[in-house]
Amino acid sequence: MKRFFYAKIALTNLKKNRQTYFPYLLTCIATIMMFYIMSSLSTNSVLNKMRGGATMGIVLMFGTVVVGIFAVLFLFYTNSFLVKRRKKEFGLYYILGMEKRHISRVMLWETLYTAMISLLLGIACGILFSKLVFLGLLKILKMNVVIGVEISAFTLAETVGLFAVIFLLIFFNSVRLIYMVRPAELLKGGQIGEKMPKTRWILALLGVVTLAGGYILALKADNVLTGLNTFFVAVLLVIIGTFALFTAGSIAFLKMLQRNKRYYYKTNHFISISGMIYRMKQNAASLSLICIMSTGVLLLISSTTSLYVGQEHSLYLRYPKEFKLSLSLGEVPDDSKTFEKELKEIGTYAEDYLKDNKIATQNAAGQTVIEAAALQKDGNVQITSSRNGSSEDFSDLCMVQAITLEDYNREAKKDETLEDREALVFFEDSPIQQETFSINDMHWKVRQLSADSTMEDSGLKFYVTPVYRIVVKDFAQLQEIWKINKEAYGDHASQVKYEYSFDVDLSEEKIQKLEKSLNAYLGEQKNAPHAFFYGIETRTEGRAEFYSLYGGLFFLGIFLGLLFVMATVLIIYYKQISEGYEDKERFAILKKIGMERGEINASIRSQVLMVFFLPLAAAGIHSCFAFHLVKEILVGGFGLQDVGLLVICAVLTFLAFAVFYVIVYLITAREYYKIVSE
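For clarity, every value in this text was computed on a predicted model and none was experimentally measured.

About the thresholds
- Residues numbered from 1 in each chain as written.
- Predicted model: local features only at pLDDT ≥ 70, side-chain atom pairs only at ≥ 80, totals over all residues.
- Heavy atoms only, no water.
- Helix = DSSP H or I, 4+ residues; strand = E, 2+ residues; numbered from the N terminus.
- Buried < 20%, exposed > 50% of the residue type's maximum accessible area, 1.4 Å probe, protein only.
- Contact = heavy atoms within 4.5 Å.
- Areas by Shrake-Rupley, 256 points an atom, 1.4 Å probe, with all protein chains shown as cover.
- Phe/Tyr/Trp six-rings, centres within 6.5 Å; stacked < 30°, edge-to-face > 60°.
- Lys NZ or Arg CZ within 6 Å of the ring centre and 35° of its normal.
- Pairing = 2+ DSSP bridges.
- Axes fitted to C-alpha atoms, helices over the stretch in contact; angles between N-to-C directions.
- Parallel < 35°, antiparallel > 145°, perpendicular 65-115°, else oblique.
- Expected span 1.5 Å × (residues − 1).
- Arc of directions from axis to C-beta.
- Salt bridge = Lys/Arg side-chain N within 4 Å of Asp/Glu carboxyl O.
- Core = buried A, V, L, I, M, F, W, Y, C linked by side-chain atoms within 4.5 Å.

(A) Fine view of the overall build of the protein. Broken down by element type, the protein carries 20 helices and 11 strands. Residues classed as buried in the protein amount to 52% of the 678 residues present. Residue pairs in contact within the protein that sit at least 24 positions apart in sequence constitute 83% of those at least 6 positions apart. Carbon and sulfur atoms make up 63% of the accessible area of the protein, which amounts to about 32800 Å² in all.

(B) Layout of helix 15 (residues 405-412). For helix 15, every residue scored as buried is listed here: Leu405, Asp407, Tyr408 and Asn409. Buried residues in helix 15 make contact with strand 2 (362-377), strand 4 (397-404), strand 5 (422-427) and strand 9 (467-472). Looking at the residues trailing helix 15, positive phi occurs at Lys413, about 55°.

(C) Focus on the packing of aromatic side chains. In the structure shown here, the tally under the stated rule is 24 aromatic pairs. Between the aromatic rings of Phe437 and Tyr468, the centroid separation amounts to 5.5 Å while the plane-to-plane angle is 35°, which identifies the pairing as tilted. Taken together, the residues span a long stretch of sequence, with Phe437 in strand 7 (residues 436-439) and Tyr468 in strand 9 at a distance of 31 residues. Both residues of the pair, Phe437 and Tyr468, belong to the buried class. Pairwise contacts between aromatic rings join Phe613, Phe657, Phe660, Tyr661 and Tyr665 into one cluster. Positioned above the aromatic ring of Tyr319 is the side chain of Arg318, whose terminal nitrogen or guanidinium carbon lies 4.5 Å from the ring centre.

(D) Structural detail: the pairing of strand 1 (residues 323-329). Among the seven residues in strand 1, seven count as buried, and that is most of the element. Residues Phe323, Leu325, Leu327 and Leu329 of strand 1 are buried on one face, and the alternating residues Lys324, Ser326 and Ser328, pointing to the opposite face, are buried as well. Bridging between strand 1 and strand 10 (residues 497-503) involves five bridges; their strand directions are antiparallel. Across the sheet, Leu327 pairs through a bridge with Tyr498, a residue of strand 10. In this sheet, strand 11 (residues 532-538) lies alongside strand 1 in antiparallel orientation, the contact comprising seven bridges. Opposite Leu325, over in strand 11, you have Ile536 as the bridge partner.

(E) Region of interest: the packing of helix 14 (residues 336-356) against helix 16 (residues 475-489). Running from N to C, helix 14 and helix 16 cross one another at 95°; their axes reach a closest spacing of 9 Å. By the criterion of interaxial angle, the relationship of helix 14 to helix 16 is roughly perpendicular. Packed against helix 14, whose contacting residues are Ser336, Phe339, Glu340 and Leu343, the element helix 16 presents Phe475, Ala476 and Gln479 at the interface.

(F) The arrangement of the side chain of Glu515 in detail. Following the sequence through the fold, Glu515 ends up in helix 17 (residues 508-523). The exposure class assigned to Glu515 is buried, which follows from its relative accessible area of 14%. With near-sequence residues (within four places) excluded, Glu515 lies in contact with Phe323, Ile536, Thr538 and Glu541.

(G) Inspection of the pairing of strand 10 at higher detail. The buried count for strand 10 comes to seven of seven residues, which makes it a mostly enclosed element. Every second residue of strand 10 is oriented toward a common face, with Lys497, Glu499, Ser501 and Asp503 on one face and Tyr498, Tyr500 and Phe502 on the other, all of them buried.

(H) Focus on helix 9 (residues 201-220). For helix 9, spanning 20 residues, the distance from its first C-alpha to its last is 28 Å, which sits close to the expected 28 Å at 1.5 Å a residue. All of the buried residues along helix 9 are Ala204, Gly207, Thr210, Leu211, Gly214, Tyr215 and Ala218. Mapping the buried residues of helix 9 onto a view down its axis gives an arc of 135°, with all of them on the same face. Turned more than 90 degrees away from the buried face of helix 9, the exposed residues are Ile202, Leu205, Val209 and Lys220.

(I) Structural detail: the pattern of salt bridges. Across all of its chains, the model carries 17 salt bridges by this definition. Here Lys341 and Glu345 are joined by a salt bridge, their closest N and O atoms 2.7 Å apart. Taken as a pair, Lys341 and Glu345 lie in helix 14 at a separation of four residues, close to a single helical turn. A relative accessible area of 28% means that Glu345 is categorised as partly exposed.

(J) Inspection of the nonpolar core at higher detail. Judged by nonpolar contacts, the single largest core of 87 residues is most densely connected at Tyr24, Phe163, Phe167 and Phe555. Those residues in contact with Phe167, other than ones at most four positions away along the chain, are Tyr24, Cys28, Ile32, Thr111, Thr114, Ala115 and Ser118. One finds Trp444, Ile470, Leu478 and Ile511 within the second-largest nonpolar core, a separate group that totals 47 residues.

(K) Up close: unusual backbone geometry. The backbone of Lys358 shows a phi angle near 55°, a positive value even though the residue is not glycine. Topologically, Lys358 is positioned in the loop between helix 14 and strand 2. In this structure, Asn363 takes a positive phi of about 55° despite not being glycine. Along the chain, Asn363 falls in strand 2.

Structure (structure tokens):
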């Protein structure tokens, strides 16, 4: 009978506190639903069988982990807020004869009700909407629609297990909060902490230093590797700086205004500043969290949207032509003439196959080429593996690509000539204007070309690493460069290869069949005079990988963005509710001392607007300083060369979020003024 007594009290409590518990319950349901959907997509067997499905699965698996971590942190935060708001209620229970262990039993039943309702409705909504989200994902990935809904036993068990543990930990944390507070403090409830906050200059200074440090790290990133190395440190510093400045910096600034007698002792300023000091003290943590969440939404959505919108541009940079075949010899002859002869012989296999099968090609091009990673210094390059690719040398990392004069003249339709140890040198496809050029101990005199001379795009523009493209007199010099590369990288050295690229006017299905038939044909050349290796890449196959990666990141950005937005809305709602109850008492005091209602409303409105939009302004500033860091990561890590597109997406995302932010303010402000006016 006693158990039912606590269960009834718990149910009554949930009903009476519906103004605060109903949004929390909706948040629990939505979080469980989103975790279930993300987990079910990451293990979806249909998606994993599609082209690019493996890449998509990795992205979604990462998303599942992020949503799980978010669920733990956010549900803990919101539940702690609810417990603190109900201290006075628990104090009344204490007066009525209930001890803390009895209050704990009531909280246990409340947690059980919340967990059961949340899990049942959350999983039901997850199953219901998972198909819709899956169809949306396929639309983003530009894949064919698949009929059918999968209900994974693993996903169900994972969801129930994770959130059962979360709710159990939430219960223990709630009990801890109650047992840490003395009975007298329970009775005082929300009145605790009304003393004038102290000015903590050290914490304010720490906020300025850490925030400045995070900004400097973001601005100093000059390539993808340094960007990734400093990203998490910069984020951590900005988070620390944001919390410190909202907590201590804002109060220090307001106290400075308070010391200015001429400014402070005016009716509007007096009420606004004194009210703001208490608001910042009580809401600093929630305002900081809103700011961090808003920054996350802005960066996530703008960066993933720019990647998705610009994926076709990036695709054509990576694959200038539909087909690219690379063939290299299994055994390399010592004699350069024999080497060149045998390489050209295997290079004709693919061309002969296409001619024999009457497959029309367009923009066909063939060349012998050697490529190697190197370090650039003073306009020259050094092929070395000792420190190549380390974070300190990444800014000097470059690619070297060398071809023969014969291939250059044929493909560029030129008639250039070169003397011994003379070369044409291009940097980023433009001729360099220096007298000499060297690779390790090989030196050339640079043959000067007109500034409008360019080389055919080879797909290296996709990568952020600078590219030196060298045209040497003959194949013997290609072999010398290969020997330098071989000495530096050993068995991992790239080979001199014959590249044949071309376009075809065929459907996607026929391109796939042609790729398979070419693979089969080249693989059957076992009796060829020379053993060889080959590789085939197509833009069609690359498109599937691009769409899986960029589309998956876009989906993840939107999904996590919605999750963060939901969290932001709930924090704002609870902030408005808590401020409403606190300001209600202040309104009564101000009325008693003779202030008119209009003056009070104007003062409070200005405070609410200032406090409410401060996180949005700070999030905008954070995003501006983070832009350079994000740009380096996207350009170097994902091949996004259209920086203008990133700027447009960032601006539009901020404007859209600002409009949404205003709408949230208007909705939650009504609840605030309703409480204050009661």
